[in-house]
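Each chain, letter by letter, is given below.
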2 protein chains.
Amino acid sequence: MKRIEVIQNVLEANDTIASRNRQLLDRHKVFVINIMSAPGAGKTSLILQTLTRLKGKLDIAVIEGDVASTVDAEKVQGRAKAVVQINTGNMPESCSLMAAMIESALKDMPLDDIDVVLIENVGNLICPAEFTLGEHKRVVISSLPEGDDKPIKYPLIFADADAVIINKMDLLPHVDFNIAAFRRSVTGLNPKVEVFQLSTKTGQGLEGWCSWLLEQVRTNALKR
Amino acid sequence: MKRIEVIQNVLEANDTIASRNRQLLDRHKVFVINIMSAPGAGKTSLILQTLTRLKGKLDIAVIEGDVASTVDAEKVQGRAKAVVQINTGNMPESCSLMAAMIESALKDMPLDDIDVVLIENVGNLICPAEFTLGEHKRVVISSLPEGDDKPIKYPLIFADADAVIINKMDLLPHVDFNIAAFRRSVTGLNPKVEVFQLSTKTGQGLEGWCSWLLEQVRTNALKR
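All of the points below concern the structure found in this document. Model, not experiment: these values are computed from the prediction.

The rules we used
Residues numbered from 1 in each chain as written. Chains lettered and ligands numbered in written order. Predicted model: local features only at pLDDT ≥ 70, side-chain atom pairs only at ≥ 80, totals over all residues. Pairing = 2+ DSSP bridges. Helix = DSSP H or I, 4+ residues; strand = E, 2+ residues; numbered from the N terminus. Right-handed = clockwise from strand over helix to strand, strands pointing away. Buried ≥ 20, exposed ≤ 12 C-beta atoms within 10 Å, placed from the backbone. Contact = placed C-beta atoms within 7 Å. Axes fitted to C-alpha atoms, helices over the stretch in contact; angles between N-to-C directions. Nonpolar A, V, L, I, M, F, W, Y, C, P; charged D, E, K, R; others polar. Arc of directions from axis to C-beta.

**Quick look at the pairing of strand 3 (residues 83-87) of chain B**
In summary, the side chains of a regular strand alternate between the two faces of the sheet.
Residue and element names in this part refer to chain B.
No. 1: One ladder, built from five bridges, connects strand 2 (residues 60-66) with strand 3; its direction is parallel. In the strand pairing of strand 3, Glu64 is matched with Gln85.
No. 2: Where the polypeptide runs from strand 2 across helix 3 (residues 71-76) and back to strand 3, its parallel neighbour, the crossover connection is right-handed.

**Some remarks on unusual backbone geometry**
Peptide bonds are mostly trans, and most non-glycine residues show a negative phi.
All names here are of chain A.
No. 1: Although it is not a glycine, Ser69 sits at a positive phi angle of roughly 85°.
No. 2: Within the secondary structure, Ser69 is located in the loop between strand 2 (60-66) and helix 3 (71-76).
No. 3: Overall, Ser69 belongs to the partly exposed group, with 17 C-beta atoms counted inside 10 Å.
No. 4: With a phi close to 65°, Lys168 is a non-glycine residue in the positive phi region.
No. 5: Residue placement: Lys168 occurs in the loop between strand 6 (163-167) and helix 7 (179-189).

**So, the environment of B:Ile114**
Residue and element names in this part refer to chain B.
No. 1: Positionally, Ile114 belongs in the loop between helix 4 (99-107) and strand 4 (116-120).
No. 2: The spacing of Ile114 and Ala82 is 32 residues in sequence and 8.6 Å in space, taken between C-alpha atoms.
No. 3: For Ile114, the residues in contact, after removing those within four places along its chain, are Val30, Asp59, Ala61, Lys81, Ala82 and Met109.

**Observations regarding the sheet that holds strand 3 of chain B**
Sheet strands pair via backbone hydrogen bonds, and the direction of the pair is either parallel or antiparallel.
All names here are of chain B.
No. 1: In space, the seven strands of this open sheet follow the order 3-2-4-1-5-6-7, with parallel pairing throughout. Looking at strand neighbours, the two that pair on one side only are strand 3 and strand 7 (194-197), the edges of this open sheet. The average angle at which neighbouring strand axes cross in this sheet is 20°, direction not considered.
No. 2: Note: strand 5 (residues 137-143) against strand 6 (residues 163-167), five bridges, orientation parallel. Considered in strand 6, the bridge of Ile141 is made with Ile165.
No. 3: Taken strand by strand, helix 2 (residues 43-53) contacts strand 1 (31-37), strand 2, strand 4, strand 5 and strand 6, and its axis lies near 160° from that of strand 4.
No. 4: Sheet strands touched by helix 4: strand 2, strand 3 and strand 4. Its angle to strand 3, the strand with the most contacts, is close to 150°.

**Digging into the interface of chain A and chain B**
By convention, interface size is frequently given as the accessible area that disappears when the constituent parts associate.
No. 1: Each side of the interface is counted separately: chain A has 35 residues, and chain B has 35 residues.
No. 2: Elements that contribute at least two residues to the side of chain A that touches chain B include exactly helix 1 (2-27) and helix 5 (150-153) of chain A.
No. 3: Residue composition of the side of chain A that touches chain B, by class: 19 nonpolar, eight polar and eight charged.

**Section: helix 2 (residues 43-53) of chain A**
No. 1: Three or more residues of helix 2 of chain A are buried, namely A:Lys43, A:Thr44, A:Leu46, A:Ile47, A:Thr50 and A:Leu51. Buried residues along helix 2 of chain A cover an arc of 160° about the axis, so they all sit on one side.

Here you go:
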């Protein structure tokens with residue numbers, strides 16, 4: 001079917017650019033994390049908490065992906081080493097960041113002064129699973145109010161993640177969410193995945209996430 | 001650009017099938033609502049509450065759209081006049097229901113015995129905005145934990161909605177959500193939209209939504 005072929009070509013072209021991004025990043029010893037989630041699960045809040053807690057330990061830049069608006073980039077501005085906002089606009093590119101967008105954003109960044117780039121993908125549990133960006137690690141955030149069935153409904157993004165964050169733990173008394181069932185679904189899809197439980201609002205559990213991130217950078221792309 | 005043309009063709013082909021769906025529905029006096037939201041905002045819960053509250057008043061069928069799994073169809077089974085599960089599977093179809101999927105689902109339904117079809121779209125604020133299904137009304141659910149900036153970040157889906165539901169009002173004391181700011185953003189994009197505040201968990205505010213739905217059916221497609 002012609003349409004399917006075209007989409008296949010888009011995915012292959014994306015993979016090629018993603019490999020090129022990865023080579024560039026490795027040459028400059030920049031470690032990149034692709035952060036994905038449904039809308040409102042806490043990607044920006046996780047980035048803000050991470051910037052605050054790792055200040056002085058790592059130089060972190062941020063790429064903000066959104067269909068529209070610059071509200072997230074404005075929140076991060078001043079706290080990160082560099083910030084680039086990407087607005088994905090209309091279909092078909094709107095539903096995920098794509099490697100070409102990241103290639104373009106990296107051109108605006110002082111890569112030799114950066115240890116880590118945190119990429120905030122577009123809020124979506126479907127399309128971002130299909131488009132690699134050249135990242136070293138993929139992180140998915142799920143938040144308690146979304147319900148514990150998300151790994152069953154959106155398996156691909158959870159199956160490919162290096163880490164899964166259960167966010168909004170502060171809401172546990174107020175919502176129906178079975179943490180054990182969620183963890184079982186995730187590890188069923190992806191036995192080696194790291195799972196963190198935290199609240200980007202209260203700060204609870206953030207130290208575990210930050211230690212993991214530091215460790216990843218140290219073993220993968222130590223600059224200093 | 002060739003790729004863009006192909007996607008344009010996909011959207012046009014979708015619109016043609018959507019018109020055909022609409023003609024079929026109007027011939028059988030079946031009123032259809034397309035319910036869209038981010039993952040976990042409460043589409044299934046809204047459908048379950050609506051089925052319970054309008055039992056005996058309307059014969060309601062449900063089409064459940066998910067990338068994977070049948071968990072939602074199982075919840076609805078036995079309470080609706082008919083239930084069809086659609087699994088959208090892999091890209092590019094995965095990120096939204098499309099008119100051809102609805103055409104196929106309607107073939108399995110006893111349309112002369114049905115007043116209303118509630119379509120639960122795939123959990124996503126981007127792709128479903130682009131694909132019409134033949135529905136009479138489009139409803140977007142936003143839930144408090146997602147934050148009040150969603151209309152700014154995903155404007156198209158809010159701009160095209162006939163009704164916007166603010167769900168999980170029971171969590172208001174526990175999250176940061178400015179209802180006035182959210183309503184301003186929505187009506188800025190879409191001045192005529194109906195906005196409902198409710199909780200599908202506690203039932204608070206459901207009567208307003210059900211009255212609106214009954215009124216829409218009465219004025220559009222009264223069967224009896």
